[in-house]
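# Working through the structure, step by step
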Amino acid sequence: MSRVYNFSAGPSMLPLSVLHKAAAEMTDYQGSGMSVMEMSHRSAVYEKIIADAEALVRSVLGVPDNYKVLFLQGGASTQFAAIPLNLMTKSGKADYVVSGMFSKKAYEEAKRYGDVKVLASSADKNYTYIPTFKPEDVRPDADYVHICYNNTIFGSKFPAIPDTGSVPLVADLSSCILSEPIDISRFALAYAGAQKNMGPSGLTLVIVREDMIGHENPLTPTMLSYKVAADNDSMYNTPPCYAIYVAKLILEWVRDEIGGLEAMAEINYRKAQKLYDYIDSSKVFTAPVEKGSRSIMNVPFVTGDAQLDKKFCKLAEEAGFVNIKGHRSVGGMRASIYNAMPEEGVDALIQFMREFEQNV
Ligand SMILES: *Cc1c(COP(=O)(O)O)cnc(C)c1O
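Now for a description of the structure that goes with this document. Small disclaimer: the values here were computed from a predicted structure and weren't measured. (Residues numbered from 1 in each chain as written. Predicted model: local features only at pLDDT ≥ 70, side-chain atom pairs only at ≥ 80, totals over all residues. Heavy atoms only, no water.)

### Observations concerning the overall build of the chain
Regarding its fold elements, the chain presents 9 helices and 13 strands. Computed over the C-alpha atoms, the radius of gyration of the chain is 21 Å, within 12% of the 21 Å expected from 2.2 N^0.38 for a compact globule of 360 residues. In terms of overall dimensions, the chain has C-alpha extents of about 60 × 55 × 30 Å along its principal axes. Relative to its 360 residues, the chain shows a buried fraction of 57%. For the chain, restricting intrachain contacts to residue pairs at least 6 apart in sequence, the fraction spanning at least 24 positions comes to 67%. Counting 36 positive and 42 negative side-chain charges, the chain places the averaged centre of each group 5 Å from the other. (Helix = DSSP H or I, 4+ residues; strand = E, 2+ residues; numbered from the N terminus. Rg over C-alpha atoms; globule rule 2.2 N^0.38 Å. Buried < 20%, exposed > 50% of the residue type's maximum accessible area, 1.4 Å probe, protein only. Contact = heavy atoms within 4.5 Å. Lys, Arg positive; Asp, Glu negative; His and termini not counted. Charge placed at Lys NZ, Arg CZ, Asp CG, Glu CD.)

Right, dumping it as C-alpha cells:
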C-alpha cells in the first residue's frame, strides 16, 4: 500500500489508524452483521454511535452544558443561510468580519435576510491579514457578530477570539476545529464542516448556546431550524450516519492517540512553525500572510513567478506531495497541514522545497 502526502485543503487526509479501523469494521460493525452505512439510524446500535459522537464532541472540545451539539448536513455553506434565519430575528441586524472568501460568502448570504454590515475587512490587501475592530465598533443592537476564525483559502487565523462586548459571537471553525483548544463558551454559536479536520464531507457540526435557539424567522425551512434539530437530537430526518461514525473515530483518535487538544496544538504549532521558518528564510519562496495573522492549518506560499509555481507543483506531485496548488484566487501554493498530516510529511515537504530552491 502506498500513501501520498496529501496537502488538500478539504476534503483532506484522515488519520491512517482511523481509516484502518473503519475498514476493519466496514462489513460487520461490532457483531451487528452489517456496515454502519447499512443500518437504521433508529436502531439501538446506531443510537449508541451518535450518542458517543456527541459525548466525544462535548468532552474533547470542552462544550459547556448549556449548549446543544447538532449533527447537520449541507456543509458549512448551508449555515451561511441557517445562521441569519435562526439568529437575525430580534433587531434583524448582524455585523460580519470579512477576512476571506468564506466569510465574504457568509456575509453575502446573510444580506438576503436583513441589515448586514461589514464590521471589518481585509479585502484591501487581498486578505493577507486579520482585520481588527473594537467592541465599540459593533452595533450594540446587532443580533450577532460573525467571524471565520481560520481562513482556509488565504491561510490566516485570528490571533485570539475577538471581544464583541455583549453582542453574541458566531464563528465558522471549519478549518481549525480540533486543531487546538478553543474556548467554546466565548461563542453563542460555532460551526464547522467536517471535511477538514473531523471526517468526511456531508457532516456539519453546529454547537449552539441554548438561549439562541427558538427565535427563528417563521420562514426558516424545517431542515434549517436549530430548534427542530435540537428537539429531535439531530434525527429529524436521516442524519449523515456514516460521516458521524467516522467523526466519532477521529474524536477517539484525538483523545486516545494524540492525548487531547493541548497535545494536538503542540504538534500543530511545531509543524506550522517549521514550515513558516523555512519559507521566511528561503530566497525563492515567500509566505504572503502577515506574521501575526498566520494559520497553523493552511500555509500559502508563492515564488512570485507563475511559471515557477507551476513547475514546483508539478515536481511536487511527482514526488508524492499532492494537492499543493494554491486556490485559484490566490495562486502559488498552499500546504494544508491539518491534524492528520504527520510531522514527517511537513519535514519531507521542507526538504523537497530546499532541494527545489537549490536547483532553480
Ligand atoms: C471549507 C470551508 C467552508 C465550506 O464548507 P462546505 O462544507 O463545502 O460548505 C466554509 N468555511 C470554511 C472556513 C471552510 O474551510
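### So, the pairing of strand S9 (residues 189-193)
Summarising burial for S9: 5 of the 5 residues are buried, a large majority. In terms of strand pairing, strand S8 (residues 169-172) meets S9 through 3 bridges, oriented parallel. Bridging across to S9, Val170 finds its partner in Leu189. Summarising the sheet, S9 and strand S10 (residues 204-209) pair through 5 bridges and their orientation is antiparallel. (Pairing = 2+ DSSP bridges.)

### Description of the packing of aromatic side chains
By the definition in use, this model includes 18 aromatic pairs. On the basis of an interplanar angle of 85° and a centroid distance of 5.0 Å, the ring pair of Phe312 and Phe356 is categorised as edge-to-face. A residue pair is termed long-range when its members are at least 10 positions apart, and Phe312 in helix H8 (residues 306-318) and Phe356 in helix H9 (residues 343-359) qualify at 44 residues. Phe356 matches Phe312 in its accessibility class, with the two residues each being buried. Of the aromatic side chains, those joined through ring pairs into one cluster are Tyr5, Phe7, Tyr278, Phe285, Phe301, Phe312, Phe321, Phe352 and Phe356. (Phe/Tyr/Trp six-rings, centres within 6.5 Å; stacked < 30°, edge-to-face > 60°.)

### Thoughts on the environment of Met37
Locating Met37 in the fold gives a position in the loop between helix H1 (16-24) and helix H2 (44-61). By relative accessible area, which is 52% here, Met37 ends up exposed. Residue contacts for Met37: discarding those within four places in its chain leaves Met26 and Tyr242.

### Considerations on the site of the ligand
Near the ligand, the surroundings consist of 13 residues, among which Ser77, Thr152, Asp172, Gln195 and Lys196 are the closest. Between Gln195 and the ligand, the recorded distance is 2.9 Å, taken from a side-chain N or O atom to an oxygen atom. Between the ligand and Lys196, the relevant distance is 2.6 Å, taken from an oxygen atom to a side-chain nitrogen or oxygen of the residue. For the ligand, the protein covers 86% of the area, taking 390 Å² as the surface of the free molecule. If one sorts the elements of the shell around the ligand by residue count, helix H3 (residues 75-87) sits on top with 4 residues. (Near = heavy atom within 4 Å. Polar contact = N/O pair within 3.5 Å; in protein donor to acceptor, adjacent residues only side chain to side chain. Areas by Shrake-Rupley, 256 points an atom, 1.4 Å probe, with all protein chains shown as cover.)

### Digging into the sheet that holds strand S4 (residues 115-121)
Within the open sheet, the 7 strands sit side by side as S2-S10-S9-S8-S5-S3-S4. Their pairing is mixed. Two strands in the sheet have a free side with no partner beyond their single neighbour: strand S2 (67-72) and S4. Recorded for the sheet is a direction-independent mean angle of 15° between the axes of neighbouring strands. Direction of pairing for strand S5 (residues 144-148) relative to S8: parallel, over a ladder of 4 bridges. Its bridge partner being in S8, His146 is matched across the sheet by Val170. Sitting on the sheet, H3 touches S2, strand S3 (93-98), S5, S8, S9 and S10, and the angle it makes with S9 is about 160°. The sheet strands contacting helix H4 (residues 101-110) are S3, S4, S5 and S8, and the helix crosses S3 at an angle near 160°. (Axes fitted to C-alpha atoms, helices over the stretch in contact; angles between N-to-C directions.)

### What about the packing of helix H7 (residues 261-281) against H9?
Contact pair H7 / H9: the axes reach a minimum separation of 10 Å and the direction vectors enclose 5°. Of the possible angle classes, the one that applies to H7 and H9 is roughly parallel. Each of Ile267, Arg270, Lys271, Lys274, Leu275, Tyr278 and Ile279 in H7 lies in contact with H9, whose residues at this interface are Glu343, Val346, Asp347, Leu349, Ile350, Met353, Arg354 and Glu357. (Parallel < 35°, antiparallel > 145°, perpendicular 65-115°, else oblique.)

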